[in-house]
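# Descriptive analysis of the structure
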Amino acid sequence: MNSSILGFFTLISSESHLIWNKMSLPEGYEFRKLQASDFTNNYTETLKVLTTVGDISQEQFTDLFNYWSSLPEIFHPHVITDANGVVVATGMLLVERKLIHSCGFVGHIEDISVDKHQQGKKLGHFMITSLVELSKKLNCYKVILDCDQSNVGFYEKCGLKPAGVEMTKRFI
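Residues numbered from 1 in each chain as written. Predicted model: local features only at pLDDT ≥ 70, side-chain atom pairs only at ≥ 80, totals over all residues. Heavy atoms only, no water.

One can find His76 in strand E4 (residues 75-81). A distance of 3.2 Å separates the side chain of His76 from the backbone oxygen of Pro72, its partner in a polar contact. (Helix = DSSP H or I, 4+ residues; strand = E, 2+ residues; numbered from the N terminus. Polar contact = N/O pair within 3.5 Å; in protein donor to acceptor, adjacent residues only side chain to side chain.)

Bringing the nonpolar core into the picture now. Counting residues in each nonpolar core, the largest one holds 24 residues, and the members touching the most others are Ile80, Ile109, Leu123, Ile128 and Leu131. Breaking this core down by element, the ones donating at least two residues are strand E5 (87-97), strand E6 (105-114), helix H5 (123-137) and strand E7 (140-145). Top contributing element to this core by residue count: H5, with 7 residues. With sequence-adjacent residues up to four places away left out, Ile80 is seen in contact with Leu25, Tyr29, Glu30, Phe31, Val86, Val87, Val88, Ala89, Leu123, Phe126 and Met127. One finds Leu34, Phe61, Phe65 and Phe75 within the second-largest nonpolar core, a separate group that totals 11 residues. (Core = buried A, V, L, I, M, F, W, Y, C linked by side-chain atoms within 4.5 Å. Buried < 20%, exposed > 50% of the residue type's maximum accessible area, 1.4 Å probe, protein only. Contact = heavy atoms within 4.5 Å.)

Another point: the pairing of E4. Judged by how many residues are buried, E4 sits mostly within the fold: 7 of 7 residues are covered. With burial as the criterion, each face of E4 is covered, one bearing Phe75, Pro77, Val79 and Thr81 and the other bearing His76, His78 and Ile80. Note: strand E3 (residues 30-33) against E4, 4 bridges, orientation antiparallel. In the sheet register, Glu30 faces E4, and the bridge partner there is Thr81. Both E4 and E5 contribute to a ladder of 7 bridges, which runs antiparallel. Bridge pairing in E5 links His78 to Gly91. Counting the residues that bridge the hairpin from E4 to E5 gives 5 residues, and of these Gly85 lies at a positive phi of roughly 85 degrees. (Pairing = 2+ DSSP bridges.)

Let's shift gears to the environment of Ala36. Looking at the secondary structure, you find Ala36 in the loop between E3 and helix H2 (43-47). On a C-alpha basis, the gap between Ala36 and Ser69 in space is 9.8 Å, while along the polypeptide they are 33 residues apart. In contact with Ala36, not counting residues within four places along its chain, are Gln58, Phe61 and Phe65.

Once that is clear, we can look at the pattern of salt bridges. If you walk through the whole model with that rule in mind, you get 4 salt bridges. Between Asp38 and Arg32 there is a salt bridge whose closest N-O contact spans 2.8 Å. Take Asp38: its relative accessible area is 0%, and that puts it in the buried class. Since its relative accessible area comes to 11%, Arg32 is described here as buried. (Salt bridge = Lys/Arg side-chain N within 4 Å of Asp/Glu carboxyl O.)

This is the structure:
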């Protein structure tokens, strides 16, 4: 189903429910789950706007995709495709089961990236708000996201707010 047909609703077919999103995508664009065929459909190129991806083979991608698919309660990779069906934005929702909050769930939003030629169309905002709504539908008690200080303003426009400090220790 095309998001323009649904108007303000976007169908997440693999989730079997509608997610409310106050924004709409440009005509012909679609928000959907990642597919195995997206390796050759601009997925890794879109992620390169965000960070170093590395030299990933089709086999490596397929293995990772199959791993994610084997744990659908945890991994929720999504993309936005343009009117030609080409991936132009990426996002991942990871759902962590906690002991605290009565064995509650926390959503982690990761890997938000928009193709350089597609920026300015509010695709990142649509991706974030859709993943936030998905985390609600999956009964997460909160959703969190780490970002660079320079991106805080963007994420605030998406309804998120600063909460704490990110700490890291890199091994690569």
